[in-house]
Amino acid sequence: MADTPQPVGVSARTGQKFTGAALVSAEVTGLGSDGGHHVLQLADGGEIRARAVVLATGARYRKLEVPGIEALEGRSVYYAATNQEARLCGTDPVAIVGGGNSAGQATVFLADHVSHVHLLIRGHDLGKSMSRYLVDQIERHPRVTVHRNAEIREVHGNKNLEEIAIEDNRTGDKARIRVHALFVFIGATPHTGWLTDAIALDDHGFVLTGVDAVPAREDGNQRLGAPPSRTLETSRAGLFAAGDVRSGSVKRVASAVGEGAMAVRQIHEYFERS
Ligand SMILES: Cc1cc2nc3c(=O)[nH]c(=O)nc-3n(C[C@H](O)[C@H](O)[C@H](O)COP(=O)(O)OP(=O)(O)OC[C@H]3O[C@@H](n4cnc5c(N)ncnc54)[C@H](O)[C@@H]3O)c2cc1C
């Protein structure tokens, strides 16, 4: 939301559909402030000044480094476990990689749909990074097997996944498991490196918003504007975050788009107040 439709130092063209919008192809490398404006610094040396900004820079999903896995993405290898993926799996057995809550929630959900879930964790203690209520459900579930100290070494299958080869990272023992889908939940890295100390981030670098951003502001070190009363506003007044980059967001296309629409409304409220 730039005040100036023709930013300095970047090529801009007027959007045909969004009247009054300037679409700029540029990488943002820094965030400053100047007289009540946010200042976005661009990689080519240009700047964009704006009274309000929506950060929607997304995240990079970590991938398993296993030969051949990319060719199976979208057909047998997934990074989300919703009704859609559950339907695609039918009743086939599946494997899930990851020891956090995302992996735990996917395990509990898929175990009620497929014939068997093999949960693979690199460490030994399932409770180390997963909430107790999920651990309890997983350990009780008759269609879940937890493979501890397990790492995937190979994936096999022509068009679709048929089998994975795993290795015990303590003993070196190898085993093969027949699964027709692999779900990967080994974390995501938000594109927030360029923000440095400009706004409050969570422990993993995702942008804190709404009430979650308040404690950071009260620490004093992030206090750059009025306290946000809006759910998508960051620790800095007039700076909003939407989609995958936002701490606690659902990490789905539909929710990212929905948050974008909500952010526009919250910006209008911000303008009315300020
Ligand atoms: C392999 C895979 C499969 C998926 N499958 C599904 C699915 O089936 N259904 C579903 O709902 N979701 C799926 N997701 C999740 C979905 O893609 C995301 O939730 C969604 O794209 C988030 O939208 P976003 O706008 O927040 O971020 P993104 O779509 O990641 O967009 C962020 C944009 O910001 C740009 N950017 C980043 N940093 C900068 C910078 N410094 N300057 C300028 N631009 C920058 C990036 O280049 C990118 O264009 C999948 C994700 C992956 C990785």
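Residues numbered from 1 in each chain as written. Predicted model: local features only at pLDDT ≥ 70, side-chain atom pairs only at ≥ 80, totals over all residues. Heavy atoms only, no water.

Here's the deal with the pattern of salt bridges
Where side chains of opposite charge bring their charged atoms close, a pairing between them can arise. Quick reminder of the rule: For salt bridges, the criterion is a side-chain nitrogen of Lys or Arg within 4 Å of an Asp or Glu carboxyl oxygen. Throughout this description, buried means an accessible area under 20% of the type-specific maximum (1.4 Å probe, protein chains only), exposed means over 50%, and partly exposed covers the range between. The way it works is that DSSP assigns letters per residue, a run of H or I at least four long becomes a helix, a run of E at least two long becomes a strand, and they are numbered from the N terminus.
Counted according to the given criterion, the structure contains 16 salt bridges. In this structure, Glu-151 and Arg-153 form a salt bridge, with 3.4 Å as the shortest nitrogen-oxygen distance. When its relative accessible area of 24% is taken as the criterion, Glu-151 is described as partly exposed. According to the relative accessible area criterion, Arg-153 is partly exposed, its value standing at 35%. Ionic pairing is found between Arg-153 and Glu-167, a salt bridge with its closest N-O pair at 3.0 Å. Placement of the pair is Arg-153 in strand S12 (residues 150–156) and Glu-167 in strand S13 (residues 163–168), with a sequence separation of 14 residues. The buried category is assigned to Glu-167, whose relative accessible area is 18%. Through salt bridges with shared partners, one network takes in Arg-132, Asp-136, Glu-139 and Arg-148.

Quick notes on the environment of Thr-189
Filter applied, for reference: Working rule for contacts: check all heavy atoms of both residues, and any pair within 4.5 Å makes them a contact.
As for its position among the elements, Thr-189 is in strand S16 (residues 188–190). Those residues within four positions of Thr-189 in sequence are excluded, and the remaining contacts are Ala-59, Arg-60 and Arg-62.

Side note on helix H3 (residues 132–140)
For an α-helix, the turn length of 3.6 residues means that residues three or four places apart are oriented alike. Definition in use: By construction, the arc corresponds to the directions joining the helix axis to the C-beta atoms.
Residues of H3 that are buried include every one of Leu-134, Val-135 and Ile-138, and no others. The arc enclosing the buried residues of H3, seen along the axis, measures out at 100°, which places them on a common side. On its buried face, H3 sits against helix H2 (101–111), strand S10 (117–120) and strand S11 (144–147).

Regarding the sheet that holds strand S14 (residues 174–178)
The cut-off we apply is this: Strands were regarded as paired on the criterion that DSSP finds at least two bridges between them. Interaxial angles span 0 to 180 degrees and are taken between N-to-C directions of axes, which are lines fitted to C-alpha atoms, for helices over the stretch in contact.
Taken in spatial order, the three strands of this open sheet run S12-S13-S14, and their pairing is antiparallel. Across the chains shown, the open sheet's two edge strands, defined by having one partner strand only, are S12 and S14. This sheet shows a mean twist of 30° between the axes of neighbouring strands, independent of strand direction. Summarising the sheet, S13 and S14 pair through five bridges and their orientation is antiparallel. Directly across from Ala-165, in S14, lies its bridge partner Arg-176.

Brief notes about unusual backbone geometry
For Asn-149, which is not glycine, the phi dihedral falls at a positive 55°. Relative accessible area serves as the criterion here: at 6%, Asn-149 is assigned to the buried category. You will see that Lys-251, though not glycine, has its phi angle at about 65°, which is positive. Note that Lys-251 resides in the loop between strand S17 (239–241) and helix H5 (253–273).

Topic: the environment of Gly-98
Structurally, Gly-98 is set in the loop between strand S9 (94–97) and H2. The class for Gly-98 is buried, based on a relative accessible area of 6%. With 53 residues separating them along the chain, Gly-98 and Glu-151 place their C-alpha atoms 10.0 Å apart. Residues contacting Gly-98, with those up to four places away along its chain left out, are Ala-103, Leu-119, Leu-120, Ile-121, Phe-185 and Ile-186.

Quick look at the nonpolar core
As a reminder of what qualifies: By convention a nonpolar core is built from buried Ala, Val, Leu, Ile, Met, Phe, Trp, Tyr and Cys residues, the set being connected through side-chain atoms within 4.5 Å.
Counting 24 residues, the largest nonpolar core has Val-94, Ile-96, Val-117, Leu-119, Leu-126, Ile-138 and Phe-183 as the members making the most contacts within it. With five residues, H2 is the largest single contributor of residues to this core. Excluding anything up to four places from it in sequence, Ile-138 contacts Gly-104, Thr-107, Val-108, Leu-119, Leu-126, Met-130, Val-144 and Val-146.

Regarding the environment of Ala-165
Looking at the element boundaries, Ala-165 is found in strand S13. The class for Ala-165 is buried, based on a relative accessible area of 10%. Apart from the residues lying within four places of it in its own chain, the contact partners of Ala-165 are Glu-151, Ile-152, Arg-153, Glu-154, Ala-175 and Arg-176.

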